[in-house]
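# Summary of structural features
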Amino acid sequence: MSIVWYLAVSGILFAIGLFGVFVRRNPLVLLLCLELLLGAGNLSLLAFDRYHAQGDGSILAIIVMVVAACEVTVGLGIVVAMFRRGQAIDVDKTRELHG
Amino acid sequence: MTEVLFFLSAIVAIAGAVGVIALKNPFNSVLALVVHLVALAMLFLLLHSEFIAAAQVVVYAGAVMVLYVFVSAYVGEEGETWTSGGRLQRALAFLLAGSLGTVLLIAMLGSGLRGLADAGELPTLEAGFGGAAQIGELLLTRYLLAFEAASLLLLAAAVGAVLLARRREDGIAEGPRVLAVTDLVPSAGTGSMTEGTRGTLAARAMEADRLAERVIAERTSAAKKAAEQAEAKDGDGGGA
């Protein structure tokens, strides 16, 4: 089975994730949409890794997963801090970073 | 067989992704993402990346999603969906995401990558491709620098998350802080469940309460013991 199919699925998933990032306003859901984007990237990395059959793409995929985990921890920390301050959990209403 | 599995997991993955952006409650979005990630792991398996698939299920669908579930249960905001934005915003988003998806599909399915279309059959894989041994060897030899950078990044993210989510007693700490020796000694109640949920002061108060209760209990038991001893002595005296 050609890897073009996997790349097509990856492209569709990336477009869906991008659409979610544009339209959703809850930062929690935005983080979920970023997960979709990174997962789509991982899928095409692994598809090309299968194509070249050398294993380098797997390493890049692992690094992407590490970056995603870091992004999740920091992002969720920010969401929790926003909630504790009593701010609205809405990226449109969050206008200032200080305080 | 491979084709059936591929189309099945691709459909589930896309449905999960649509569920993430379409569901109203963030909690349900998280659950849809779990479905999506498991289907994605299935696709990874079909690409013979066993280790990544396992890591995806264990790390993502296991650990990270638990984090998401906890935070969405804690924050618990409901009511916003993809239709609640402005009409212009929705149209622009649809235009941008749709055109990007179209371009990607044209590049991949159409004329873009001619090498892929000409390749025909995929290369046969060596034994152990995508296993833990191969990935471990690559990570610790050719990609050692990336490995170390990733560990440093994880450390920085962990410290940053603790700093961000920490409960402050008076909003944001202002001005320079002077560190005293006593600051290095953890006060009573540090690291307890109470501190996490209700703040440092509450934890200290609870610890003080517990200490007072213990002192009172010790004193009562000591007094009771003394009274019993006195009674026993009285009884002895009466017997004699």
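Quick summary incoming for the structure in this document. Every chain is numbered independently, its residues counted from 1 as its sequence is written. Labels follow written order: the first chain is A, the first ligand is 1, and so on. Only residues with pLDDT of at least 70 are given local features in this predicted model, and only at 80 or more are side-chain atom pairs given and counted; all residues enter the totals for whole chains, interfaces and linings. To obtain the side-chain values, all non-hydrogen atoms of the structure were included, while hydrogens and water were left out.

## What about the overall build of chain A?
Operational definition: Put simply, DSSP H or I for four residues or longer makes a helix, DSSP E for two residues or longer makes a strand, and each gets a number counted from the N terminus. Contacts are assigned to residue pairs with any non-hydrogen atoms lying within 4.5 Å of each other. The protein chains shown are the only cover counted for residues, whose accessible areas, like all others here, come from Shrake-Rupley with a 1.4 Å probe.
Looking only at helices and strands, chain A has three helices and zero strands in total. Taking as baseline every contact in chain A between residues at least 6 positions apart, the subset at least 24 positions apart corresponds to 51%. In the form shown here, chain A has an accessible surface area of approximately 3700 Å², with 66% of it arising from carbon and sulfur atoms.

## Describing the packing of helix 1 (residues 3-23) of chain A against helix 4 (residues 87-109) of chain B
Let me state the cut-off plainly: Only the stretch in contact is used when a helix axis is fitted, and all axes are lines through C-alpha atoms; the angle between N-to-C directions ranges over 0 to 180 degrees. The cut-offs work like this: below 35 degrees is roughly parallel, past 145 is roughly antiparallel, 65 to 115 is roughly perpendicular, and the gaps in between are oblique. Left-handed is the label given to a crossing in which the near helix is rotated counterclockwise from the far helix by less than a right angle, and right-handed is the label when the rotation is clockwise. As a working rule, the residues Ala, Val, Leu, Ile, Met, Phe, Trp, Tyr, Cys and Pro are called nonpolar, Asp, Glu, Lys and Arg charged, and the rest polar, with Gly in that last group.
In contact at an axis separation of 9 Å, helix 1 of chain A and helix 4 of chain B are set at 165° when each is read in the N-to-C sense. Judged by the inter-axis angle, helix 1 of chain A sits roughly antiparallel to helix 4 of chain B. The two elements helix 1 of chain A and helix 4 of chain B meet at a crossing, and its hand is right-handed. For the pair helix 1 of chain A and helix 4 of chain B, the contacting residues are Val4, Leu7, Ala8, Gly11, Ile12, Phe14, Ala15, Leu18, Phe19, Phe22 and Val23 of chain A in the first and Gln89, Arg90, Ala93, Phe94, Leu96, Ala97, Leu100, Gly101, Leu104, Leu105, Met108 and Leu109 of chain B in the second. Grouping the constituent residues of the contact of helix 1 of chain A with helix 4 of chain B by class yields 19 nonpolar, three polar and one charged.

## Focus on the packing of aromatic side chains
Operational definition: For this analysis, a ring pair means two rings from Phe, Tyr or Trp (six-membered ring only for Trp) whose centres lie within 6.5 Å, classed as stacked if their planes differ by under 30 degrees, edge-to-face if by over 60, and tilted for the remaining angles. We call a residue buried when its accessible area falls under 20% of the maximum for its residue type, exposed when it is over 50%, and partly exposed in between, using a 1.4 Å probe and counting protein chains only.
A complete count under the given rule lists five aromatic pairs over all chains for this structure. Note on Phe19 of chain A and Phe94 of chain B: the rings are 5.8 Å apart at their centroids and 85° apart in plane angle, and the pair reads as edge-to-face. Residue Phe19 of chain A is found in helix 1, and its partner Phe94 of chain B is found in helix 4; the two belong to separate chains. Phe19 of chain A gets classed as buried once you look at its relative accessible area, which sits at 10%. In this structure Phe94 of chain B comes out as exposed when scored by relative accessible area, which is 59%. Pairwise contacts between aromatic rings join Trp5 and Tyr6 of chain A together with Phe6 and Phe7 of chain B into one cluster.

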